[in-house]
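Below, each chain spelled out in residue letters.
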Amino acid sequence: MSFFSRLKAIFQAKASKALDAAEKPDEMLDYSYEKQTELLTQVRRGVADVATSKKRLELQADKLQASATKLEGQAAEALRQGREDLARTALERKAGIQAQLESITAQKEQLQGEQDKLVAAEQKLSSKIESFRVRKETIKAQYTAAEAQAKIGEAFSGISEDMADVGMAMERAEGKVETMRARAGAIDELLESGALDDLSAGGDAIDRELSQIASQSAVDADLARLKGEIGAGPSSSGQISSGGAS
């Protein structure tokens, strides 16, 4: 296959796909039904036209029959008057009218045959169109239901994908929560064991121990001082009092 042949095939395939995507079965069915009903209308109009033509022929035949009857009466009257020549002329005219009547009768029979065919075609076509209409509505309903199901499936598919993303995000969040909880628990254990300094206390373990020793020494010094003052007796107290008074 040449390059241009392949290109043409690709173009035709894409065009067919685009047309298939643009074509809606329900719209095509309605369009086809509309065309069929238009054809049925034309057939019915044809039946009406044939019937009208036949009626005109019948009216014309009635007039000709009346003329023929009148001429026959005139011929009889002419014979009674002894005017055979006039009677012959009247009968000749009647014969001409009779020929027209025979022609009209033949035309009427022909039109009747055409009318019968059109009526039969109209009935057959009407029956087929009605069957097509019922089938069309059924197919449209099935197409609508299938289209709705497809949209629901697509919606569920999108929801499933979204839920999968949400589920992954929730799993990641739960993992982070567990990690933070484990980290907090580990920090609490380290603080309780003293392995991790409490920043609010200030300094490390050695600093705290030295501070405790210094504090204890200060307490011991104050205690010894108070014992010495108490052991000195009232004089010492009085000195303290007088000193306080001065």
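Residues numbered from 1 in each chain as written. Predicted model: local features only at pLDDT ≥ 70, side-chain atom pairs only at ≥ 80, totals over all residues. Heavy atoms only, no water.

Asker: So what about the side chain of Q115? Which residues, and what values?
Answerer: Relative to the helices and strands, Q115 resides in helix α3 (residues 84-193). Look at Q115 and you get buried, because its relative accessible area is 14%. If we skip the residues at most four places from it in the chain, Q115 touches V47, V50, A51 and K54. (Helix = DSSP H or I, 4+ residues; strand = E, 2+ residues; numbered from the N terminus. Buried < 20%, exposed > 50% of the residue type's maximum accessible area, 1.4 Å probe, protein only. Contact = heavy atoms within 4.5 Å.)

Asker: Can you lay out the side chain of E122 for me, pointing to particular residues and giving the numbers?
Answerer: Positionally, E122 belongs in helix α3. Of note is the side chain of E122, whose polar atom sits 2.9 Å from the side chain of R44. When residues no more than four places from it in sequence are discounted, the contact partners of E122 are L40, V43 and R44. (Polar contact = N/O pair within 3.5 Å; in protein donor to acceptor, adjacent residues only side chain to side chain.)

Asker: Talk me through the pattern of salt bridges; I want residue IDs and the actual numbers.
Answerer: Applying the stated criterion to the full structure yields 10 salt bridges. Of the charged contacts in the structure, one is a salt bridge between E137 and K136, with a shortest N-O distance of 2.6 Å. For E137, a relative accessible area of 36% puts it in the partly exposed group. A cluster of three or more residues bridged by salt bridges with shared partners is formed by D30, K136, E137 and K140. (Salt bridge = Lys/Arg side-chain N within 4 Å of Asp/Glu carboxyl O.)

Asker: Account for helix α2 (residues 25-80), with residues named and values stated.
Answerer: For α2, which comprises 56 residues, the first-to-last C-alpha distance of 82 Å matches the rise-based estimate of 82 Å (1.5 Å per residue) to within 8%. Residue G82 follows α2 closely and has a positive phi angle near 80°. (Expected span 1.5 Å × (residues − 1).)

Asker: Before we move on, can you summarise the confidence of the model for the protein chain with the specific residues and values?
Answerer: The predicted model of the protein chain averages 77 in pLDDT, with 72% of residues at 70 or higher. In the predicted structure, residues 235-246 sits below a pLDDT of 50 and forms one contact with residues beyond four places in sequence or in another chain. (pLDDT = per-residue confidence, 0-100.)

Asker: How would you sum up the nonpolar core? Please name residues and give values.
Answerer: Within the largest apolar cluster, 14 residues are counted, with the highest numbers of intra-cluster contacts made by L64, I97, L101 and I104. Of all the elements, α2 adds the most residues to this core, at eight residues. Aside from chain neighbours lying at most four places away, what touches I104 is L57, Q60, A61 and L64. (Core = buried A, V, L, I, M, F, W, Y, C linked by side-chain atoms within 4.5 Å.)

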